[in-house]
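Residues per chain are reported as follows:
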Amino acid sequence: TARQSATRVTDVKTKVTSSSDNLVLAKDITITSTWVHGDDVSVKATVPYSISLLGLVIASGNLSSTTTERVE
């Protein structure tokens, strides 16, 4: 994703959702950056989950993953 793109936030969100083939679409995708060359961009995706045992939900919540890269 080019930092000069007018749709860079949308571009990043599209890449995150397309990279998770078998996962439920991310509940929340947060992107934090100044988009200045050399600064960091952080992307956090949150996905809901539930664990069932014999048809009963025994645990549920949200899983989150964050990655940080340098803006080039």
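Residues numbered from 1 in each chain as written. Predicted model: local features only at pLDDT ≥ 70, side-chain atom pairs only at ≥ 80, totals over all residues. Heavy atoms only, no water.

## Topic: the sheet that holds strand β1 (residues 28-33)
Overall, antiparallel pairing links the three strands, which are arranged β1-β2-β3 in an open sheet. Because the sheet does not close on itself, it has two edges, and the strands there are β1 and β3 (56-70). Here the average twist between neighbouring strands, direction ignored, is 15°. Taken strand by strand, helix α1 (residues 8-18) contacts β1 and β2 (40-53), and its axis lies near 135° from that of β1. (Pairing = 2+ DSSP bridges. Helix = DSSP H or I, 4+ residues; strand = E, 2+ residues; numbered from the N terminus. Axes fitted to C-alpha atoms, helices over the stretch in contact; angles between N-to-C directions. Contact = heavy atoms within 4.5 Å.)

## Focus: unusual backbone geometry
The bulk of non-glycine residues show a negative phi, and the bulk of peptide bonds are trans. The phi angle at Trp35 is positive, at roughly 60°, despite the residue not being glycine. Relative to the assigned elements, Trp35 resides in the loop between β1 and β2. For Leu54, which is not glycine, the phi dihedral falls at a positive 55°.

## Notes on the side chain of Thr46
Here Thr46 is to be found in strand β2. Reaching out from Thr46, the side chain makes a polar contact with the side chain of Ser64 at a distance of 3.0 Å. (Polar contact = N/O pair within 3.5 Å; in protein donor to acceptor, adjacent residues only side chain to side chain.)

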